[in-house]
Amino acid sequence: MLVDVRFPTSVTGDGTDAMNTDCDYSAAYVTLYTDYELVGHGMTFTIGRGTDIVCHAIQVLAQRLVGRDPEAFFANMGQAWDWMSGDPQLRWIGPEKGVIHLALAAVNNAVWDMFAKSRKKPLWKLIVDMTPEEVVNATAFRYITDVLTREEALAMLKEKEGESGSERRYSDDKVAQLMKEAVQAGWSQFKMKVGTSLEDDLRRGKMIRGIIDDPKNYPADKLLGDPNSAVLKERNAGPTGAVLMIDANQVWDVDEAIRYVKALEEIRPWFIEEPTAPDDILGHAAIRRALAPYGIGVATGEHAHNRMTFKQLFQAEAVDIAQIDACRLGGVSEVLGVLLMAAKFGVLVCPHAGGVGLCEHVIHLSLIDYIAISGSMERNVIEYADHLHEHFVYPCAINGQGRYMVPENEKEGYSTEMHAESIAEYEFPNGSYWDSK
């Protein structure tokens, strides 16, 4: 089954930013079936128009799986990924980027979902229960062995085994309300969209700082962070231990990004996310060098279309934070390669979330990174946006300390299954919502 699902988020302004001003959060959603009742769900995230194009690419890629034995894929998911991404004709319209790579993400994620369900485990548990050899065999290594060989990855995993925001179209009043609700709910790290107006960004940044830095806004039993601790000091934390990040969504040229972010030094951001074009490796490196004296880092990756882009970002020392995207990289096997490279280079990983289903995905990926690869809570920061979770059979959940709950249901796989009722309502263009427009 293949469905183009679009949610009318442009009506409320959810997801808008300086670059993407009119978003209908959407998913190209695929369900793979077998002859023995085993099912896998996968998706890739889009923002409206063009989702139908991605769906067509998924259909072509998924057709190649017909007649194949899923267990043969499960036995070596890295090899399966090479085969899925290696069609000699379909590669021509990538290779390993753009629409065809988004389609690969959906198909590969569906196979991983099926794999986890076949073993009656959530995805993260499936992978952390693997031997180091099995993890290596599940990883995509092509084109990254100059910085990380299979042997190096195996040694890293064996060593580990031996150890035990604010949306652009929201009013100031709404942002203030959301910030106060967030600190009451236990959150301590926040992200603000920037890039439309420096004057507005400074005003709003000061307003947010005024809320998150005031101990009176936090629950009485909330244990506040120590801003002088090694981790929080590096993140420019305020007196309550609260951290502020800013996100430009690629709106600036390199020199413009440097000037603009320097002017925001007063609000003490930990990092600037996506300051310029996502493919500009050297541009990101220049921005990082220029902002380092100001204590402001650089984050990017949600639009990094493959592991080679991350490889070059790491080699060029262009980022402080790598933001993997579960549905832009070509599925779990490629994500594993990026996580291993990030660990080798000592780069913190903050998975991109929000959108449709991304929060449901990233808790699995962050758990894999923490348990099987990095072993560091400080290295694991995860984005969260509180919308569209109700459309998933196994939605992610947040506790009172602003942390994701660990998925534990043996039936949920990669947590990507949507409710049939949601698909019936929001399938484009024939779902009941769109049919009424």
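On a predicted model such as this, the values are computed, not experimentally measured, just so you know. (Residues numbered from 1 in each chain as written. Predicted model: local features only at pLDDT ≥ 70, side-chain atom pairs only at ≥ 80, totals over all residues. Heavy atoms only, no water.)

S.K.: Teacher, can you tell me more about the overall build of the protein here?
M.R.: Helix and strand content of the protein: 17 helices and 9 strands. For 437 residues, the compact-globule formula gives about 22 Å, and the C-alpha radius of gyration of the protein, at 21 Å, lands near that figure. Oriented by its inertia axes, the alpha-carbon framework of the protein measures out at about 60 × 55 × 45 Å. Counting the 437 residues in the protein, one finds 59% classified as buried. When the accessible area of the protein is evaluated, it comes to approximately 18,200 Å², of which 50% is carbon and sulfur surface. A gap of 3 Å separates the mean positions of the 42 positive and 64 negative side-chain charges of the protein. (Helix = DSSP H or I, 4+ residues; strand = E, 2+ residues; numbered from the N terminus. Rg over C-alpha atoms; globule rule 2.2 N^0.38 Å. Buried < 20%, exposed > 50% of the residue type's maximum accessible area, 1.4 Å probe, protein only. Areas by Shrake-Rupley, 256 points an atom, 1.4 Å probe, with all protein chains shown as cover. Lys, Arg positive; Asp, Glu negative; His and termini not counted. Charge placed at Lys NZ, Arg CZ, Asp CG, Glu CD.)

S.K.: Would you mind going over the nonpolar core with me for this structure?
M.R.: A general feature of soluble globular proteins is that nonpolar side chains tend to end up buried together. One finds Trp112, Phe190, Phe310 and Val356 to be the most contacted residues of the largest nonpolar core, which totals 131 residues. Of all the elements, helix 4 (residues 98-118) adds the most residues to this core, at 12 residues. With residues near it in sequence (within four places) discarded, Val356 still touches Phe7, Tyr25, Ser26, Ala27, Met43, Phe45, Leu388, Phe392 and Met418. Residues Met245, Phe271, Ala299 and Cys350 belong to the second largest nonpolar core, which totals 11 residues. (Core = buried A, V, L, I, M, F, W, Y, C linked by side-chain atoms within 4.5 Å. Contact = heavy atoms within 4.5 Å.)

S.K.: Which parts of the structure should I look at to understand the packing of aromatic side chains?
M.R.: We describe a pair of aromatic rings using the distance from one ring centre to the other and the angle between the two ring planes. Within this structure, the stated rule accounts for 14 aromatic pairs. A ring pair is formed by Phe7 and Tyr426, whose centres lie 4.9 Å apart and whose planes are at 50°; its orientation type is tilted. Taken individually, Phe7 and Tyr426 each receive the classification buried, so the pair is uniform in this respect. Taking 6.1 Å as the distance between ring centres and 45° as the angle between the ring planes, the aromatic pair formed by Phe310 and Phe314 counts as tilted. Taken together, the positions of Phe310 and Phe314, both in helix 13 (residues 307-315) and 4 residues apart, correspond to about one turn of that helix. Exposure class is identical for Phe310 and Phe314. Each is buried. Each member of the aromatic cluster is reached from another via a ring pair, and the members are Phe7, Tyr426, Phe428, Tyr433 and Trp434. (Phe/Tyr/Trp six-rings, centres within 6.5 Å; stacked < 30°, edge-to-face > 60°.)

S.K.: Would you take a moment to explain the side chain of Glu273 for this structure?
M.R.: In this structure, Glu273 sits in strand 6 (residues 271-273). Of the polar contacts made by the side chain of Glu273, one reaches the side chain of Lys191; its length is 2.7 Å. (Polar contact = N/O pair within 3.5 Å; in protein donor to acceptor, adjacent residues only side chain to side chain.)

S.K.: Any chance you could explain the packing of helix 3 (residues 77-85) against helix 4 here in plain terms?
M.R.: A packed helix pair is summarised by two numbers, namely the angle formed by the two axes and the spacing between the axes. Where helix 3 meets helix 4, the closest approach of the two axes is 11 Å, and the angle between their N-to-C directions is 150°. Between helix 3 and helix 4, the angle is such that the two are roughly antiparallel. The interaxial crossing formed by helix 3 with helix 4 has right-handed handedness. Facing helix 3, whose interface residues are Met77, Trp81, Met84 and Ser85, helix 4 presents His101, Leu104, Val107, Asn108, Val111, Trp112 and Phe115. Grouping the constituent residues of the contact of helix 3 with helix 4 by class yields 8 nonpolar, 3 polar and no charged. (Axes fitted to C-alpha atoms, helices over the stretch in contact; angles between N-to-C directions. Parallel < 35°, antiparallel > 145°, perpendicular 65-115°, else oblique. Left-handed = near helix turned anticlockwise from the far one by under 90°. Nonpolar A, V, L, I, M, F, W, Y, C, P; charged D, E, K, R; others polar.)

S.K.: Can you help me understand the sheet that holds strand 8 (residues 321-322) in this one?
M.R.: Two modes of strand pairing occur in sheets, parallel and antiparallel, and in both the strands are linked by backbone hydrogen bonds. The 6 strands lie next to each other as 4-5-6-7-8-9, forming an open sheet whose pairing is parallel. The strands lining the two open edges of the sheet, one partner per strand, are strand 4 (189-193) and strand 9 (348-349). Pairing geometry for strand 4 and strand 5 (residues 243-247), over 5 bridges, is parallel. Looking at the pairing, Lys193 lines up with Asp247 of strand 5. (Pairing = 2+ DSSP bridges.)

S.K.: Please clarify how the pattern of salt bridges should be interpreted in this entry.
M.R.: For side chains bearing opposite charge, pairing can occur when the charged atoms are close. Evaluated as defined, the whole model comprises 25 salt bridges. Across the pair Arg6 and Asp4 runs a salt bridge, and its minimum N-O distance is 2.9 Å. Here Arg6 and Asp4 have matching classes, each one buried. A salt bridge links Arg6 to Asp52, with the nearest nitrogen and oxygen atoms 3.7 Å apart. A residue pair is termed long-range when its members are at least 10 positions apart, and Arg6 in strand 1 (residues 2-6) and Asp52 in helix 1 (residues 51-63) qualify at 46 residues. A relative accessible area of 6% means that Arg6 is categorised as buried. Residue Asp52 is classed as partly exposed on the basis of its relative accessible area of 45%. (Salt bridge = Lys/Arg side-chain N within 4 Å of Asp/Glu carboxyl O.)

S.K.: Got a minute to help me understand the sheet that holds strand 2 (residues 26-33) in this structure?
M.R.: The sheet built from 3 strands is open, its strands ordered 1-2-3 with antiparallel pairing. Since the sheet does not close on itself, it has two edges, and those belong to strand 1 and strand 3 (39-46), each with one partner. Each adjacent strand pair in this sheet contributes to an overall mean axis angle of 20°, direction not counted. By the bridge criterion, 5 bridges tie strand 1 to strand 2 in an arrangement that is antiparallel. Among the inter-strand pairings, Val3 is bridged to a residue of strand 2, identified as Tyr29. The strands that helix 1 touches are strand 1, strand 2 and strand 3; relative to strand 1, the one it contacts most, it runs at about 160°. Taken strand by strand, helix 4 contacts strand 2 and strand 3, and its axis lies near 150° from that of strand 3.

S.K.: I'm lost on the side chain of Thr34 in this one. Help?
M.R.: When you line up the elements, Thr34 lands in the loop between strand 2 and strand 3. Within the structure, the side chain of Thr34 is placed 2.9 Å from the backbone oxygen of Leu38, a separation counted as a polar contact. When residues no more than four places from it in sequence are discounted, the contact partners of Thr34 are Pro70 and Met114.

S.K.: Looking at this structure, how should I read the environment of Gly354?
M.R.: Locating Gly354 in the fold gives a position in the loop between strand 9 and helix 15 (358-374). A sequence separation of 175 residues divides Gly354 from Met179, and the C-alpha atoms of the two residues are 17 Å apart. Apart from the residues within four sequence positions on either side, Gly354 is in contact with Cys359 and Ala385.

S.K.: How do you make sense of helix 1 when you look at a structure like this?
M.R.: Three- or four-residue spacings in an α-helix give side chains the same orientation, since the helix completes a turn every 3.6 residues. Spanning 13 residues, helix 1 covers 18 Å between terminal C-alpha atoms, matching the ideal 18 Å at 1.5 Å per step. All of the buried residues along helix 1 are Thr51, Val54, Cys55, Ala57, Ile58, Leu61 and Ala62. Here the buried residues of helix 1 occupy an arc of 165° about the axis, which is enough to place them on one side. Structural note: helix 1 exposes Ile53, His56 and Gln63 on the side pointing more than 90 degrees away from its buried face. Contact partners of the buried residues in helix 1: strand 1, strand 2, strand 3, helix 3 and helix 4. (Expected span 1.5 Å × (residues − 1). Arc of directions from axis to C-beta.)

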